[in-house]
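Next come the chains, spelled out residue by residue.
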Amino acid sequence: MKIRNLFHLTTSIVFAACCLTARAQQELKIERPIDLGIKPIPISMTGFSGEVDSVLRFDLYIGGFDFVANDKAQYHVNGSNNGAVEGRVTDALSKAVLLSKAYSGGTSRSQAHALANDIIFAITQRKGVAHTKIAFRADFGSSSEVFVSDYDGHNPVRLTSDKSDVAAPCWVPGQRKLLYCSWKSGLTQVLSHDLGTGARQIFLNVPGNAYSPAVSPDGRRVAVILTKGGSPDLYVCNIDGSGLKQLTKTRDDESSPTWSPDGSTICYVSRAGTRAALFKISADGGEPKRLTVGGSLNLTEPDWSPDGKFIVFTRKMGGFEVCVVPSEGGSATVLTPGEDPSWAPNSRTVIFTRREKNKRVLSLLDVPTKRVKDVAQISGSCSQPSWAK
Amino acid sequence: MKHLTFLSLLAVGLMLVGGGTGCRKKPVGVTHIPGAQGGKNTFGSPRDLDRQGSVTDPDVFSTETGYSSTQKPMNTGPQDREVLKTETVYFDLDSATVKESEKSKLQRVADYMRANTANDILIEGHCDERGTEGYNLALGERRAQALREHLIEIGASGERIYTVSHGETRPAAEGQGESAWSKNRRGEFVVVLPAN
């Protein structure tokens with residue numbers, strides 16, 4: 001029986017691999033900048049209850065799955081959470097068991113996230129993001145503070161209590177460490193904050209203000225906007241603050257740098273004529289080049305995908321819209337109303353800010369299916385999300 | 001040769017800039033940033049010159065007013081937001097240009113600074129909510145810097161003027177619509193007293 005299952009598993013993986021190859025070839029012919037309009041994968045799910053059930057439904061929904069009746073499902077998920085969480089994934093057509101696993105330790109919430117990750121991997125061979133963290137700014141009217149939470153907004157932890165203002169939290173890749181802007185001194189400084197020890201220090205000691213820090217994917221360099229030379233310009237330095245180098249010297253206001261995954265290039269916002277536009281510049285310095293983004297104006301807040309293929313950004317033509325463009329430039333695809341997008345480590349999911357009447361909320365976006373779901377809310381007005389990578 | 005062409009274009013551009021803005025008094029205490037008006041790390045192609053000059057876009061700085069490396073740290077005493085409240089300068093949408101109608105306020109700020117030499121001035125740049133948060137932080141800073149530059153030009157000491165941006169996070173007027181937005185696109189002058 002086991003051997004038979006294994007056989008089925010092997011065939012289904014081979015089958016899936018064939019499908020992937022076929023799709024990859026198809027995608028090459030498609031001229032749209034990103035393969036959008038992918039239909040969610042229909043699955044059925046039974047046996048779970050309470051928090052575990054809702055965690056699984058949240059994770060799988062934003063992972064690109066649809067919950068349908070048993071006879072319409074491509075895969076069946078069943079299991080239980082009487083005691084430890086356990087789950088099983090069966091291919092509806094071949095009856096192959098793609099996953100059968102029980103979980104121990106941690107909270108049931110964490111076990112449910114682990115099962116969701118395993119379900120997503122078993123069906124799509126994509127790594128799930130259900131155990132990842134986000135950082136964001138929460139505004140309470142007279143002050144704002146930095147928070148860290150699970151990717152779905154649960155387990156929020158207030159990181160600062162300065163009763164001042166903060167902005168632009170940014171993770172140091174692979175570390176439990178953040179850089180963010182603080183107004184505590186009256187001027188704007190970038191602080192580095194070790195989440196393990198709680199130790200904070202001023203990241204750069206320079207005259208003027210520091211905004212929008214962005215750590216390179218290898219964790220060794222930081223792009224930052226400084227005003228020590230007058231209007232906001234783009235600089236880079238080492239992660240210890242040494243080796244500061246000015247990359248742009250314009251009379252315009254540069255903002256929101258983001259790194260290419262190989263660390264060679266920085267994309268940022270400056271002006272073209274009277275409008276905000278995206279530019280790219282070598283991280284070692286050189287001539288900035290404008291990123292061509294067809295059919296879009298007033299572009300801000302770029303974020304480069306970890307796989308290097310795309311840049312998400314905010315455009316403003318009327319309302320704010322989260323858009324995506326190939327990192328080499330091209331036509332923009334509008335994804336959803338909203339702003340300030342940040343990629344998940346899977347280069348597929350994005351977290352962004354949505355404006356409601358009197359507050360801002362964080363929302364998740366599955367880029368290929370354009371599905372959106374708000375994360376769990378806290379009392380403040382939340383914005384400027386950064387996804388830990 | 002290419003370099004030479006570029007330099008001469010730059011010279012023409014600079015002459016046009018001069019013609020466009022009239023005879024400006026040479027700013028006092030302004031730190032000229034090498035290469036700020038062309039050269040290696042700027043948008044140096046000739047096509048971009050009109051973007052950098054104020055020929056087609058008056059919304060740019062004639063010079064960069066950087067902080068000197070010897071800039072003293074800002075006073076750490078109490079902050080007085082009331083004394084210069086009436087001098088709050090308002091801006092047009094998405095603009096950091098100081099309007100003619102607002103310049104008399106700057107003269108009064110400069111007069112205050114001359115009469116109160118121990119006090120520093122912190123200029124806060126603010127924006128309405130119609131830009132993204134990331135963009136507005138930069139725009140607010142640019143507004144504050146534009147005010148700092150004008151103060152320096154009319155003789156105030158740059159060593160005592162600091163800037164900060166609050167983007168759109170601290171509006172003066174709540175609500176939507178131009179009547180609220182126009183009050184929020186502003187630069188405020190905060191007097192910072194010496195400690196003790």
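One can find the structure itself at the top, above this paragraph.
If you're wondering where the values come from, they're calculated on a predicted model, not measured in any experiment.

Trainee: An account of the overall build of chain B is needed here, citing residue identities and associated values.
Mentor: When its secondary structure is counted, chain B shows five helices and five strands. Starting at the N terminus, the α and β elements of chain B follow one another as α-α-β-β-α-β-α-β-α-β. Among the 196 residues that make up chain B, the fraction classed as buried is 55%. Considering only intrachain contacts with a sequence separation of at least 6, the fraction spanning at least 24 residues in chain B is 78%. With the model as given, the accessible surface of chain B reaches about 9000 Å², and the carbon-plus-sulfur share is 60%.

Trainee: Give a detailed account of the pattern of salt bridges, specifying residues and quantitative values.
Mentor: Under the counting rule described, the total for this entry stands at 40 salt bridges over all chains. The residue Arg271 of chain A makes a salt bridge to Asp94 of chain B at a minimum N-O spacing of 3.2 Å. Of this pair, Arg271 of chain A sits in strand 18 (residues 265-272) while Asp94 of chain B is found in the loop between strand 2 (89-90) and helix 3 (103-115), placing the two residues in two different chains. A salt bridge links Arg81 of chain B to Glu124 of chain B, with the shortest nitrogen-to-oxygen separation between them at 2.7 Å. Of the two residues, Arg81 of chain B sits in the loop between strand 1 (79-80) and strand 2 while Glu124 of chain B sits in strand 3 (residues 120-126), which places them 43 residues apart along the sequence.

Trainee: Help me get a handle on the nonpolar core, residues and values and all.
Mentor: Counting 40 residues, the largest nonpolar core has Val224, Leu234 and Ile266 of chain A together with Leu122 of chain B as its most contacted members. If one sorts the elements of this core by residue count, strand 14 (residues 221-226) of chain A sits on top with five residues. Not counting residues up to four positions away in its chain, the partners in contact with Ile266 of chain A are Ala223, Leu234, Val236, Leu247, Pro257, Thr258, Trp259, Phe279, Lys280, Ile281, Ala283 and Trp304 of chain A. Counting residues in hydrophobic clusters, the runner-up holds 25 residues, among them Val55, Tyr75, Val77 and Leu98 of chain A.

Trainee: An account of helix 4 (residues 133-153) of chain B is needed here, citing residue identities and associated values.
Mentor: Residues and elements named next belong to chain B. Compared with the 30 Å implied by 1.5 Å per residue over 21 residues, the 30 Å span of helix 4 between its first and last C-alpha is a close match. In terms of burial, helix 4 is largely enclosed, as 21 of its 21 residues are buried. Gly155 lies just past helix 4 and shows a positive phi near 105°.

Trainee: So, the interface of chain B and chain A: which residues are in play, and what are the values?
Mentor: Taken residue by residue, the interface counts 46 residues in chain B and 56 residues in chain A. Across the chain B/chain A interface, buried area totals approximately 4000 Å², and carbon plus sulfur atoms make up 47% of it. For the pair chain B and chain A, the number of links is eight salt bridges. Asp252 of chain A is paired through a salt bridge with Arg142 of chain B; the nearest N and O atoms lie 4.0 Å apart. Between chain B and chain A we count 24 residue pairs in polar contact (both at pLDDT 80 or more) in total. Secondary-structure elements contributing two or more residues to the side of chain B that touches chain A are helix 2 (49-52), helix 4 and strand 4 (161-167) of chain B. Ranked by residue count, the leading element in the side of chain B that touches chain A is helix 4 of chain B, at nine residues. Here the side of chain B that touches chain A is composed, by residue class, of 15 nonpolar, 19 polar and twelve charged.

Trainee: I'd love a proper account of the packing of aromatic side chains, names of residues and values included.
Mentor: Residue and element names in this part refer to chain A. Counted according to the given criterion, the structure contains six aromatic pairs over all chains. Judged by centre distance (6.1 Å) and plane angle (70°), the ring pair of Phe58 and Tyr151 falls under edge-to-face. Of this pair, Phe58 sits in helix 2 (residues 50-62) while Tyr151 sits in the loop between strand 7 (144-150) and strand 8 (157-158); the two residues are 93 residues apart in sequence, bridging distant segments of the chain. Judged on exposure class, the residue Phe58 and its partner Tyr151 are both buried. By the ring-pair criterion, three or more aromatic residues cluster together here, those being Phe58, Tyr151 and Trp387. A cation over an aromatic ring shows up here: Lys373 above the ring of Tyr61, its NZ or CZ 4.8 Å from the ring centre.

Trainee: Summarise the pairing of strand 19 (residues 275-282) of chain A; cite the residues concerned and give the values.
Mentor: Successive side chains on a regular strand alternate, one facing one side of the sheet and the next facing the other. Residues and elements named next belong to chain A. Burial runs high along strand 19: six of the eight residues are buried. The pairing of strand 18 with strand 19 spans eight bridges and is classified as antiparallel. By the bridge assignment, Cys267 is partnered in strand 19 with Lys280. Sheet topology places strand 19 next to strand 20 (residues 289-290); two bridges connect them, and they run antiparallel. Counterpart to Lys280 in the pairing with strand 20 is Lys289.

Trainee: Help me get a handle on the packing of helix 2 of chain A against helix 3 (residues 108-124) of chain A, residues and values and all.
Mentor: Residues and elements named next belong to chain A. The geometry of helix 2 relative to helix 3 is characterised by a closest axis approach of 9 Å and an angle of 35° between their N-to-C directions. Between helix 2 and helix 3 lies a crossing whose hand is right-handed. Residues Glu51, Val52, Val55, Leu56, Asp59 and Leu60 of helix 2 touch helix 3, and the partners they reach there are Ser108, Arg109, Ala112, His113, Leu115, Ala116, Ile119 and Ile120. Among the residues making up the contact of helix 2 with helix 3, the classes are represented as nine nonpolar, two polar and three charged.

Trainee: Now, about the environment of Pro42 of chain A: what can you tell me, with residues and values included?
Mentor: Residues and elements named next belong to chain A. Residue placement: Pro42 occurs in strand 1 (residues 41-46). Here Pro42 falls in the partly exposed class, since its relative accessible area comes to 21%. For Pro42 and Gly64, which are 22 residues apart along the polypeptide, the C-alpha to C-alpha distance reads 9.1 Å. Beyond its immediate stretch of four places on either side in the chain, Pro42 contacts Asp66, Val68, Lys72, Ala73, Gln74 and Tyr75.

Trainee: So what's going on with the pairing of strand 11 (residues 189-194) of chain A? Residues and values would help.
Mentor: Residues and elements named next belong to chain A. In terms of strand pairing, strand 10 (residues 177-182) meets strand 11 through six bridges, oriented antiparallel. The residue of strand 11 that forms the bridge with Lys177 is Asp194. Counting the residues between successive antiparallel strands, the hairpin from strand 10 to strand 11 contains six residues, one of them, Gly186, with a positive phi of roughly 100°. Two strands pair when backbone bridges link them, and strand 11 and strand 12 (residues 200-202) are joined in this way by three bridges, in the antiparallel orientation. Considered in strand 12, the bridge of Leu191 is made with Ile202.

Trainee: Which residues make up the sheet that holds strand 29 (residues 360-366) of chain A, and what values do they have?
Mentor: Within a beta sheet, neighbouring strands are joined by backbone hydrogen bonds and run either parallel or antiparallel to one another. Residues and elements named next belong to chain A. Across the sheet, which stays open at both edges, the four strands sit in the order 27-28-29-30 with antiparallel pairing between neighbours. Lying at the two open borders of the sheet, with one neighbouring strand each, are strand 27 (339-343) and strand 30 (371-374). Strand-to-strand twist across the sheet, computed as the mean angle between neighbouring axes with direction ignored, equals 30°. Note: strand 28 (residues 349-355) against strand 29, seven bridges, orientation antiparallel. Looking at the pairing, Arg354 lines up with Val361 of strand 29.

Trainee: Break down the layout of surface pockets for me, with residues and values.
Mentor: Any empty space left between atoms is shown by rolling a water-sized probe over those atoms. By volume, the second largest pocket amounts to about 860 Å³. As for the second largest pocket, its lining consists of 35 residues, of which Lys357, Asn358 and Arg360 of chain A together with Glu129 and Glu174 of chain B are closest to the centre. Elements with a minimum of two residues in the lining of the second largest pocket: strand 6 (133-139), strand 24 (319-326), strand 28 and strand 31 (381-387) of chain A together with helix 5 (178-184) of chain B. Class assignment of the residues belonging to the lining of the second largest pocket gives a composition of seven nonpolar, eleven polar and 17 charged.

Quick notes on the rules
- Residues numbered from 1 in each chain as written.
- Chains lettered and ligands numbered in written order.
- Predicted model: local features only at pLDDT ≥ 70, side-chain atom pairs only at ≥ 80, totals over all residues.
- Heavy atoms only, no water.
- Helix = DSSP H or I, 4+ residues; strand = E, 2+ residues; numbered from the N terminus.
- Buried < 20%, exposed > 50% of the residue type's maximum accessible area, 1.4 Å probe, protein only.
- Contact = heavy atoms within 4.5 Å.
- Areas by Shrake-Rupley, 256 points an atom, 1.4 Å probe, with all protein chains shown as cover.
- Salt bridge = Lys/Arg side-chain N within 4 Å of Asp/Glu carboxyl O.
- Core = buried A, V, L, I, M, F, W, Y, C linked by side-chain atoms within 4.5 Å.
- Expected span 1.5 Å × (residues − 1).
- Buried area = accessible area lost by both parts, 1.4 Å probe.
- Polar contact = N/O pair within 3.5 Å; in protein donor to acceptor, adjacent residues only side chain to side chain.
- Nonpolar A, V, L, I, M, F, W, Y, C, P; charged D, E, K, R; others polar.
- Phe/Tyr/Trp six-rings, centres within 6.5 Å; stacked < 30°, edge-to-face > 60°.
- Lys NZ or Arg CZ within 6 Å of the ring centre and 35° of its normal.
- Pairing = 2+ DSSP bridges.
- Axes fitted to C-alpha atoms, helices over the stretch in contact; angles between N-to-C directions.
- Left-handed = near helix turned anticlockwise from the far one by under 90°.
- 1 Å grid on protein atoms, 1.4 Å probe; cavity = no way out; pocket = protein on both sides within 12 Å on 5 of 7 lines; lining within 4 Å.
- Points joined across faces, edges and corners; volume = space filled by probe spheres on them.

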